[in-house]
Amino acid sequence: SLTRADFDGSFYSAILNIHKKEWSRAAGAIDGARRAMDSRFTALMAESYKRAYPSMVTAQTLSEMEEIVSFRKVEDRAI
């Protein structure tokens, strides 16, 4: 589906931009991935915890990626 393609593109773009130390682009891609998964995640939560769990893990991964970006931005300013 288009939403899945949007999510995958944004998710892997975030990873690539973190690797390239492009913090603003990475943050934008993380936001895009979160927006793409939002409606799917909400629907899965209404169904069952078991079906929603993989999306919860993905949401946690996005949060951890945001933490990496925030930390590295602060680290870059300290140098």
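Quick notes on the rules
- Residues numbered from 1 in each chain as written.
- Predicted model: local features only at pLDDT ≥ 70, side-chain atom pairs only at ≥ 80, totals over all residues.
- Heavy atoms only, no water.
- Helix = DSSP H or I, 4+ residues; strand = E, 2+ residues; numbered from the N terminus.
- Expected span 1.5 Å × (residues − 1).
- Bend = angle between axes of the 7 residues up to and from the residue.
- Buried < 20%, exposed > 50% of the residue type's maximum accessible area, 1.4 Å probe, protein only.
- Salt bridge = Lys/Arg side-chain N within 4 Å of Asp/Glu carboxyl O.
- Core = buried A, V, L, I, M, F, W, Y, C linked by side-chain atoms within 4.5 Å.
- Contact = heavy atoms within 4.5 Å.

### Some remarks on helix 2 (residues 23-47)
Note that an α-helix has 3.6 residues per turn; residues three or four places apart therefore point the same way.
Next, step 1: If you check helix 2, its first and last C-alpha atoms are 35 Å apart, about what 25 residues at 1.5 Å a residue would give, namely 36 Å.
Next, step 2: Where helix 2 bends most, at D38, the angle is about 40°.
Next, step 3: Burial in helix 2 covers these residues: W23, A26, A29, I30, G32, A33, A36, M37 and L44.

### Digging into the pattern of salt bridges
Any two side chains of opposite charge can pair, on the condition that their charged atoms come close.
Next, step 1: According to the stated counting rule, one finds 3 salt bridges in the structure shown.
Next, step 2: Notably, a salt bridge pairs R72 with E75, separated by 2.7 Å at the nearest N-O pair. With a gap of 3 residues between them, R72 and E75 both fall in helix 3 (residues 49-78), about one helical turn apart.
Next, step 3: Owing to a relative accessible area of 25%, R72 belongs among the partly exposed residues under this scheme.

### Some remarks on helix 3
Next, step 1: Helix length check: helix 3, at 30 residues, gives a terminal C-alpha distance of 42 Å against a target of 44 Å (1.5 Å per residue), a fit within 8%.
Next, step 2: At S55, helix 3 is bent by approximately 25°, the largest bend along its length.
Next, step 3: For helix 3, the set of buried residues is A52, S55, T58, L62, M65 and V69.

### Quick word on the nonpolar core
Next, step 1: One finds F7, F11, I18, I30, L62, M65 and V69 to be the most contacted residues of the largest nonpolar core, which totals 14 residues.
Next, step 2: Taken together, the elements giving at least two residues each to this core come down to helix 1 (2-19), helix 2 and helix 3.
Next, step 3: The dominant element in this core, judged by the number of residues it contributes, is helix 2, at 7 residues.
Next, step 4: Non-local contacts of F11, meaning those with residues more than four positions away in its chain, are made with A33, T61, L62 and M65.

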